[in-house]
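# Summary of the model geometry
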Amino acid sequence: MRRRIESFLILLREVPGALARGGLSLRMRLLAFLILFVCAIMLALLLALFAAGVFSAGLSESGIFLENEMANIVRKTEADYNTLSVEGVLLSRTFAEQVEEDLAASGVSAAEMKAHPELLEGILNRCVDPMLTALEKNVVSAVYIILDATVNPRIPGAESSRAGLFIRNMEPNALNRSAPSIHYMRGPISIARARNLYVLPQWGMEFSVSPGDFFHIAMKGAEAGADVSRLYYWNPGETLTGDYEDAILLCVPVIASDGAVVGVCGFEINAMLFKMQNIPNNSTFSRVFAMLAPIDGDTLDASRAMFAASHSVRSNLTGDLRVSAWKSGLSSFVSQDGGRWVGLSQTLHMYPKNAVHGNRQWALAVLLPEDDMNDYTLAKSGDILVLLFALLLASVAAAVLVSSRYLAPVLRAINQIKKEGAEEYTKTNIREIDDLFVFLTEQDADGERGTGPETAEINGEARTGPGADADADSAREFSQRLQTLSRAEKTVFDLYVQGYTAKEIAEILNLSINTIKTHNRRIYWKLGVTSRKELMAYLRARQAKGGAAHEE
Amino acid sequence: MKKIALFVAVCLLAAALAGCGGSNDPLDPKNPVTVTMWHNFGGVMKETIDALIDEFNNSIGRERGVIINVTSIGASKEQNEKLAMIAAGDPGAPDMPDIVTAYPAMALTLSDSGHLAELDGYFTERELAAYVPQFVAEGRLFPRRTGSGPEPSDGKLYVFPISKSTEALFVNKTLFDRFAAETGAALGTLSTFEGLAKTAVQYYEWTDARTPDVPDDGKAFFTADSWFNIAQVGTAQLGGEFVGAETLNTGAGAFGRIWDFSVYPAVTGGYAVTDGYSSDLSKTGDIVCSLGSTAGVLFYGDSVTYPDNTVESVEYVVLPYPVFEGGRSVALQRGAGMVIARSDPRREYAAVLFLKWFTAAEQNMRLVAQTGYLPVTREAFEEKMAGEIEAVNNSVVKRLLETATRMYEEYDFIVAPNVDNFAALSGAYEADIRQAMRIGRQQVLDGDDADAVNGKLLEAFQ
């Protein structure tokens, strides 16, 4: 093998020189032809694989995976959130009736509620039962009500303080929702103690609200005067003041029969619940995640998004995400700091027709880091590329081997002709080469018969040996030399004299050609000639001279 | 020929080394394993835990191929209920998480049902020696004591310590100073149970006297998160053992002192009796001090909210666990550890890798500084604590760590005994003594003599 490689390298080194001399060896030509052929086949194979989409299979598979994941999550999210919207509207109507009844019992109208803080605790206490029922009925992390009033309007900061209740279910995903794990986070502590509710460490008596937050948006939206079913608002992910976890809030205004907006109620879906409900399958892409975010044109607001992933996304992704087309129907998502993700996104239907907040768009996206996608597709097509490269190497090696073996008999024959002459050839069983040897041998024989003494004259060596001008002394010397031949050598010599070829002599004597060659070498040595051709020329000259002498 | 032999030898050696490496590290960064986790670090502690988990996932987790995925953050009670369902194989029970916080009692239940991985094999002796020995010892599970014989001593490690706590006395110094200014009460009297009881009664009388025209409207001074723990530790302080093989030693002489501390001030109004946590009452100024876990320090906050929604900024001090007069300084060692679900070697290895990282001194001290928990490695506990206390910004956490460190120098610590019906015994005691306190309080309000009520209730209780 090593010899073959060295031979191949030598061959390659010959190429520039051969080209400069204006000709390539036969082996080089054959090799070049085979390699060209192999390359053409490989190119055709590559084109066929490209056309068949083999190299984009990873991308296609990823696209299908992302499509399926997104379709499932979108379908479930829309169904769940629309159901919650309906439940929220029903809860709002229940609260509106109760608040109105409680106020009326004290001779106070809904619009006058703010001026009667002493009534708030009683109102809130009656709200607890519908809230607990709502927690049992719905898969939400919390239910809340915020009244547009505070228990103490006289203290500093009262303008941003609102009385209300916030009751959390710590295990909203539990199969048995009839016994929710209830904890109390906002509201008068007396209510929690009277009802033996666990109080969360982040408990506070009232809600802290500020202009532009979910409370004010929902309150302001209610001024449109539409039916409450057209007034609810989904607040994007943010952390409630004093809490520790992001959450989406459904905000439904609570509107009394006289049109007075007395507060806002609704549900919370916190980050853990969102995650457990929507986490995509991460068996293929460990860093895939789902994201629910407000969308404005081609920009997703990741800072207010909810994420569902087996790892934390929030720490790596904040701010806006610009969406643009990528490859194979997928989209590219680029953050302001240059982070890149790929995936799919779809706008959700979160509001009914003619909803006051219907222009606030939400999108759900299923994404993964662009690097992960590139690694995956490269890994998918990399195997095929490696295979093709190995095939190419194997083909080149085969071309080297074939070109070498194919030409070996020809080269051997040429070397043999160079060394021993055409008449000493060994049959190769390759018809063309054997024909060539026969042809060359016949050519030699014709030459010997036709030229005889001239040939001897041409041969310089002949002139130094017994020549046409040999005298009687030399004839005597030749006769003496003939005497030195053994019987077997004499037999062979005689057959040569009769005009048989070495091959024919071997057949006649039933000897191998190699034995005949050995006899030849000894005959030449003893007679002082260097080849059969010289020997035959000498004999013909002797015979001619003998004949002339007789004629004289 | 020699070259070929050398080449073959090198190949064999390389293959052998590769094989060895593979068997030691079953993780593959290109094919990460997702490890699910439940914990009960809620509220402000959740942020710290989340940040640590994020850091792990983004560093060593990514390098080695491990993703920690928190799938539940619940209160201990709810979490224990779910784990009990898993152990019992109840229909509808959730899947066992790969890592979960658990106390030894629950861990033993899970271990008995074959749900836990034995952890000794994942640690070298040197690695385990880096942890405070008594914390590791607490995580070794033994068959439950059902008789009076000695406990077996071949327990294996199932509960890995991640953070520890003890109990201490949290005092709202702002309210106490107001009381002390008029009555001469001193914080020093709270170092003994007897002094605490006396001060509680005094505080009730002082607050009651502030509205002479409204009878019996005094305020409570104290409450405890666990009256059972007081009985358990108090008995140990007085040289006894409260929890027997199958019953509680309520007939022993020491119990009379524990009862007098627990019930007499309660029936006279000096203690608050609720089913919630003491920190709930502290937030509304309904008590002045309470005995609770040092891990709950952040739940007290730095203000008191009154019913009219006014908020007062207050200062808390943390005092060592009180000791009965003449008793030994004994306190309770608390704190859940992490257990790992029995699964496959790769998943268990990944879970252990996280625990090792999570409890390394650097991470452990961050947890300590931000939550008030005590570290579990000797390096963190013995060498870094002093420096870390200096660097803590939160003054209450700082005081807490100083107190806890002092307690670990001066106190002996006991852990909850491993008896078969411990949960039932402790739960029943807790319910019964609270009921006795409520009944007695009502009787006193109805005009009965407090001493007589206290005595009758003790007789009935025993």
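Residues numbered from 1 in each chain as written. Chains lettered and ligands numbered in written order. Predicted model: local features only at pLDDT ≥ 70, side-chain atom pairs only at ≥ 80, totals over all residues. Heavy atoms only, no water.

## Notes on the overall build of chain A
A tally of regular secondary structure across chain A gives 16 helices and 16 strands. When each of the 552 residues of chain A is scored for burial, the buried share is 47%. In chain A, the proportion of contacts linking residues at least 24 apart, taken out of those at least 6 apart, comes to 60%. Summed over its atoms, the accessible surface of chain A is roughly 27700 Å², and 56% of this surface lies on carbon and sulfur atoms. (Helix = DSSP H or I, 4+ residues; strand = E, 2+ residues; numbered from the N terminus. Buried < 20%, exposed > 50% of the residue type's maximum accessible area, 1.4 Å probe, protein only. Contact = heavy atoms within 4.5 Å. Areas by Shrake-Rupley, 256 points an atom, 1.4 Å probe, with all protein chains shown as cover.)

## Thoughts on the sheet that holds strand β9 (residues 261-270) of chain A
All names here are of chain A. A sheet is described by the order of its strands in space; here 7 strands give the open sequence β5-β4-β3-β1-β9-β8-β7, paired in mixed fashion. Looking at which strands have only one partner, the edges of the open sheet turn out to be β5 (198-204) and β7 (233-239). Sheet twist, expressed as the average angle between the axes of neighbouring strands with direction ignored, equals 25°. Sheet topology note: the strand β4 (residues 182-186)/β5 ladder contains 3 bridges and is parallel. (Pairing = 2+ DSSP bridges. Axes fitted to C-alpha atoms, helices over the stretch in contact; angles between N-to-C directions.)

## Some points on the domain arrangement of chain B
Residues and elements named next belong to chain B. Taken domain by domain, chain B comprises domain 1 (30-161 + 336-372) and domain 2 (167-333 + 414-461). On a C-alpha basis, the centroid separation for the pair domain 1 and domain 2 is 33 Å. Listed per partner, the contact involves 15 residues of domain 1 and 14 residues of domain 2. Together domain 1 and domain 2 conceal approximately 1200 Å² of surface at their shared face, both sides included; 49% is due to carbon and sulfur atoms. Our enumeration of links across domain 1 and domain 2 arrives at 0 salt bridges. Scanning the region where domain 1 abuts domain 2 turns up 1 residue pair in polar contact (both at pLDDT 80 or more). Listing elements by their share of the side of domain 1 that touches domain 2, those giving two or more residues are α2 (44-58), α7 (133-138) and α15 (361-371). (Domains from an automatic or database assignment. Buried area = accessible area lost by both parts, 1.4 Å probe. Salt bridge = Lys/Arg side-chain N within 4 Å of Asp/Glu carboxyl O. Polar contact = N/O pair within 3.5 Å; in protein donor to acceptor, adjacent residues only side chain to side chain.)

## Digging into α2 of chain B
Residues and elements named next belong to chain B. With 15 residues, α2 should cover 21 Å at 1.5 Å per step; its first-to-last C-alpha distance of 22 Å lies within 8% of that length. Every buried residue of α2 is accounted for by M45, K46, T48, I49, L52, I53, D54, F56 and N57. Buried-residue contacts for α2 involve β1 (33-39), α3 (60-64), β2 (66-73), α14 (345-358) and α15. (Expected span 1.5 Å × (residues − 1).)

## Details of unusual backbone geometry
Residues other than glycine predominantly adopt negative phi, and peptide bonds predominantly adopt the trans conformation. With a phi angle near 60°, N196 of chain A is a residue other than glycine that sits in the positive phi range. Relative to the elements of secondary structure, N196 of chain A occurs in the loop between α5 (189-194) and β5. Residue N309 of chain B is not a glycine yet carries a positive backbone phi of 70°. Within the element layout of this structure, N309 of chain B appears in the loop between β10 (303-305) and β11 (311-313). On the basis of relative accessibility, which here comes to 10%, the residue N309 of chain B falls in the buried class.

## Observations concerning the interface of chain B and chain A
Counting residues at the interface gives 37 residues for chain B, matched by 36 residues for chain A. Summing both sides of the interface, chain B and chain A together bury roughly 2800 Å²; the carbon and sulfur share of this comes to 54%. Considering only the side of chain B, the residues that lose the most area to chain A are E78, K283 and N309 of chain B, jointly responsible for 18% of the buried surface there. Taken together, the links from chain B to chain A amount to 2 salt bridges. Taking the shortest distance from any N to any O, the salt bridge between D286 of chain B and R193 of chain A comes out at 2.6 Å.

## Here's the deal with the sheet that holds β2 of chain B
Residue and element names in this part refer to chain B. Here we have 5 strands laid out as an open sheet, ordered β2-β1-β3-β14-β6, and mixed in their pairing. Only two strands of the sheet have a single partner each, and these edge strands are β2 and β6 (160-161). Here helix α4 (residues 76-88) sits on the sheet and contacts β1, β2 and β3 (99-102); the angle it forms with β1, its principal contact strand, is near 125°.

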